[in-house]
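# Residue-level structure breakdown
Each chain is listed here by its residues.
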Amino acid sequence: TQLLEQSPQFLSIQEGENLTVYCNSSSVFSSLQWYRQEPGEGPVLLVTVVTGGEVKKLKRLTFQFGDARKDSSLHITAAQTGDTGLYLCAGDDYKLSFGAGTTVTVRA
Amino acid sequence: GAGVSQSPRYKVAKRGQDVALRCDPISGHVSLFWYQQALGQGPEFLTYFQNEAQLDKSGLPSDRFFAERPEGSVSTLKIQRTQQEDSAVYLCASSFSTGLTSGGYTFGSGTRLTVV
């Protein structure tokens, strides 16, 4: 049973465009994390959000956590080809429960 | 070491063969996790160690899967009598602790297991 639903499943955009991916959870976790995974590598942690309504910025990436702590979004401004990868959200309850991910392709 | 190291990177096993996958966590990391990632999916939890104690093995799909961490550092995931449905990437992650005090989880690059 997938506790976290991510949308869209695939996203292909031109370099310089903006994009948003979404994560919705059926449960409340102690925190929610976003990872990026490149082919042949393990997931790399981008950010952890804990508090409802929280907004975190990491250069061109903006992460929002809903007030009810069940939904989250990742917005990338002016995407670059280096942003290409699989974006995963995960709920942390000492062990991680992952969504199925959003595959983002940024075309040059 | 600087990161989580997994070996081998790739393993091809004939159906019915036993395999052993190794994980070398970051030195000093108390918590160690194994995840299974099928093609096109997010990782799924298999098992969790705190030091040498296996505190949660609820994600192991069958009794053919066995994990150990005898000295609280290196861990081995063993799969007996491999089946085609075991084909996946097996990821290991470690952290200083768990939850909000974890300091973040660091994943290895994984072992891609293909059962033929």
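Just so we're clear, the structure is a prediction, and the values are computed from it rather than from any experiment. (Residues numbered from 1 in each chain as written. Chains lettered and ligands numbered in written order. Predicted model: local features only at pLDDT ≥ 70, side-chain atom pairs only at ≥ 80, totals over all residues. Heavy atoms only, no water.)

### A short note on the pattern of salt bridges
Residues and elements named next belong to chain A. On inspection of all chains with the given rule, the structure shows six salt bridges over all chains. Put simply, Arg-60 and Asp-83 hold a salt bridge, and the shortest N to O gap is 2.9 Å. Placement of Arg-60 in the loop between β6 (55–58) and β7 (61–65) and of Asp-83 in the loop between β8 (71–76) and β9 (85–93) is noted, with a sequence separation of 23 residues between them. Since its relative accessible area comes to 3%, Asp-83 is described here as buried. (Salt bridge = Lys/Arg side-chain N within 4 Å of Asp/Glu carboxyl O. Helix = DSSP H or I, 4+ residues; strand = E, 2+ residues; numbered from the N terminus. Buried < 20%, exposed > 50% of the residue type's maximum accessible area, 1.4 Å probe, protein only.)

### Side note on the sheet that holds strand β7 (residues 65–68) of chain B
All names here are of chain B. In space, the four strands of this open sheet follow the order β1-β3-β8-β7, with antiparallel pairing throughout. Edge positions in the sheet fall to β1 (5–7) and β7, since each has one partner strand and no second. With strand direction ignored, the average angle separating the axes of adjacent strands in the sheet is 15°. For β7 and strand β8 (residues 75–79), the ladder comprises four bridges, and the chain directions are antiparallel. From the neighbouring strand, Ala-67 faces β8, where its bridge partner is Leu-77. (Pairing = 2+ DSSP bridges. Axes fitted to C-alpha atoms, helices over the stretch in contact; angles between N-to-C directions.)

### Some points on the packing of aromatic side chains
On inspection of all chains with the given rule, the structure shows 12 aromatic pairs over all chains. Both rings, one in Tyr35(A) and one in Phe98(A), keep their centres 5.7 Å apart while their planes meet at 55°; by these two values the pair is tilted. Placement of Tyr35(A) in strand β4 (residues 31–37) and of Phe98(A) in strand β10 (residues 95–98) is noted, with a sequence separation of 63 residues between them. The exposure classification of Tyr35(A) matches that of Phe98(A), with both residues buried. What links up through ring pairs into an aromatic cluster is the set Tyr35(A), Tyr94(A), Phe98(A), Phe33(B), Tyr35(B), Phe45(B), Tyr48(B), Tyr105(B) and Phe107(B). (Phe/Tyr/Trp six-rings, centres within 6.5 Å; stacked < 30°, edge-to-face > 60°.)

### Things to note about the state of the cysteines
One pass over the full model with this rule turns up two disulfides over all chains. Sulfur-sulfur distance for the disulfide between Cys23(A) and Cys89(A) comes to 2.1 Å. With the S-S bond torsion at 75°, the cross-link from Cys23(A) to Cys89(A) turns out right-handed. Taken together, the positions of Cys23(A) in strand β3 (residues 19–25) and Cys89(A) in strand β9 put the pair 66 residues apart, joining distant regions of the chain. For the pair shown, Cys23(A) and Cys89(A) are each scored as buried. Two residues share a disulfide in this structure: Cys23(B) and Cys92(B), whose sulfurs sit 1.9 Å from each other. (Disulfide = S-S within 2.5 Å.)

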